[in-house]
Amino acid sequence: MKPATNLETAVNALHAGGVIACPTEAVWGLSCDPDNGEALTHLMRMKARDPAKGVILVAASIKQFQPWLSQLPLALHAPLAASWPGPNTWLVPDNGRSHPLVRGAHQRVALRVTDHPLMKALCEAFGGPLVSTSANRAGEPPAMSSDEIVSIFGQEIAAMVAGELGGNSRPSTIRDLATGQVMRA
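Throughout, a residue's number is its position along its own chain's written sequence, starting from 1. Per-residue local features of the predicted model are confined to residues with pLDDT of at least 70, and side-chain atom pairs are confined, for both listing and counting, to 80 or more; whole-chain, interface and lining totals are unaffected and use all residues. No hydrogens and no water enter the side-chain calculation; it runs on all heavy atoms of the structure.

## What about the confidence of the model for the chain?
Stage number 1. The predictor's confidence in any single residue is recorded as pLDDT, a number from 0 to 100. Summary statistics for the chain give a mean pLDDT of 93 and a share of 97% for residues scoring 70 or more.
Stage number 2. Each helix is a run of DSSP H or I of at least 4 residues and each strand a run of E of at least 2, with the numbering of both proceeding from the N terminus. Within the chain, the lowest mean pLDDT, 50, falls on strand β1 (residues 2–4), and the highest, 98, falls on strand β4 (residues 56–59).

## Considerations on the nonpolar core
Stage number 1. With 34 residues, the main nonpolar core has L30, L57, F65, V92, L111, V131 and I149 as its most contacted residues.
Stage number 2. Of all the elements in the fold, those that place two or more residues in this core are β3 (28–31), α2 (37–47), β4, α3 (66–69), β5 (88–93), α5 (100–103), β6 (108–113) and α7 (146–153).
Stage number 3. Sort the elements by how many residues they give to this core and α2 lands first, with 5 residues.
Stage number 4. Contacts between residues were defined by any pair of non-hydrogen atoms, one from each residue, lying within 4.5 Å. In this structure, I149 is in contact with A21, W28, A135, A143, G154, I157 and M160, ignoring residues within four places of it in sequence.
Stage number 5. For our purposes a nonpolar core is just a set of buried Ala, Val, Leu, Ile, Met, Phe, Trp, Tyr and Cys residues, chained together by side-chain atoms within 4.5 Å. For the exposure calls, accessible area comes from a 1.4 Å probe over protein chains only, and a residue counts as buried if that area is under 20% of its type's maximum, exposed if over 50%, partly exposed in between. Among the nonpolar cores identified, the runner-up in size contains 20 residues, and C22, A110, C123 and I174 belong to it.

## A word on the environment of S132
Stage number 1. Its location among the elements puts S132 in strand β7 (residues 130–134).
Stage number 2. Along the sequence, S132 and M144 sit 12 residues apart, while their C-alpha atoms lie 15 Å from each other.
Stage number 3. Apart from residues lying up to four places away in sequence, S132 is in contact with T24, L30, S31, I56, V58, R112 and M119.

## Section: the pattern of salt bridges
Stage number 1. Salt-bridge detection follows one rule: a side-chain nitrogen of Lys or Arg within 4 Å of a carboxyl oxygen of Asp or Glu. For the coordinates displayed, the defined rule picks out 5 salt bridges.
Stage number 2. Its salt-bridge partner being R97, residue D35 comes within 2.7 Å of it at the nearest N-O pair. Of the two residues, D35 sits in the loop between β3 and α2 while R97 sits in the loop between β5 and α5, which places them 62 residues apart along the sequence.
Stage number 3. Judged by its relative accessible area of 27%, R97 is partly exposed.
Stage number 4. With a shortest N-O distance of 2.0 Å, R108 and D176 are connected by a salt bridge.

## Comments concerning the pairing of strand β9 (residues 173–176)
Walk down a regular strand and you will see the side chains alternate between the two sheet faces.
Stage number 1. Inspection of the sheet shows β5 paired to β9 by 4 bridges, in the parallel sense. Across the sheet, residue T89 finds its bridge partner in β9, namely I174.
Stage number 2. By this definition, two strands are paired if DSSP reports at least two bridges between them. The sheet contact formed by β9 and strand β10 (residues 182–184) spans 2 bridges and is antiparallel. Directly across from I174, in β10, lies its bridge partner R184.
Stage number 3. Remark: 5 residues form the turn of the hairpin made by β9 and β10, two consecutive strands paired antiparallel; G180 in that turn has positive phi of roughly 80°.

## Digging into the pairing of β4
Stage number 1. Neither face of β4 is open: one carries I56 and V58, the other L57 and A59, and all of them are buried.
Stage number 2. Two strands pair when backbone bridges link them, and β4 and β6 are joined in this way by 4 bridges, in the parallel orientation. Note that in β6 the partner of A59 across the bridge is V113.

## Brief notes about helix α6 (residues 117–126)
Stage number 1. Among all positions of α6, only L118, M119, L122, C123 and F126 are buried. Axial view of α6: buried residues confined to an arc of 135°, hence all on one face.
Stage number 2. Looking at the residues trailing α6, positive phi occurs at G127, about 95°. Think of the arc as the fan of directions from the helix axis to the C-beta atoms.

## Some details on the state of the cysteines
Stage number 1. The rule for a disulfide is simple: a pair of cysteine sulfur atoms within 2.5 Å. On inspection of all chains with the given rule, the structure shows 0 disulfides.
Stage number 2. The thiol sulfur of C32 is not disulfide-bonded, and the nearest other cysteine sulfur, from C22, lies at 11 Å.
Stage number 3. Taking the relative accessible area as the measure of exposure, C32 reaches 0% and is therefore buried.
Stage number 4. There is no disulfide at C123, and the cysteine sulfur nearest it, in C22, is 8.5 Å away.

Structure follows, in structure tokens:
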């Protein structure tokens, strides 16, 4: 693992197909390029995650999600705009833009505009949304420190961005955009 002293190192690792570790709003997370199949496959293997589950994408702004929202009826944009940035993940109908490992076995994709300053800066420097999933093996609690990241993943991580967790005590709420149903509180 190569510790990142700046965003440029992490962004270079992302563009090279690596999986990075970074602090998020509530827990440490793993991120990669959502369009890189090899990076997504590596991420799923690292976490021992069922690929059918899919993963969340985070962005710095709604604008970064326009390719995913391009066919969404305008009436459905209002809940997104009202709740972002913040700890709200929305399940949005997939318009064909999402990689199958991002979507999983679902017809929707999970999207969130982050309010974590470091994650926002990382998405801006990368030039678009990133995968954001908790840093843990399936069934285990998420990492809460950089030391835990090293202990769990070691050399499997291409870079680790130094920083602090946000102030949230729990992961984001997940809602279905079409129905408003809360999937995770």
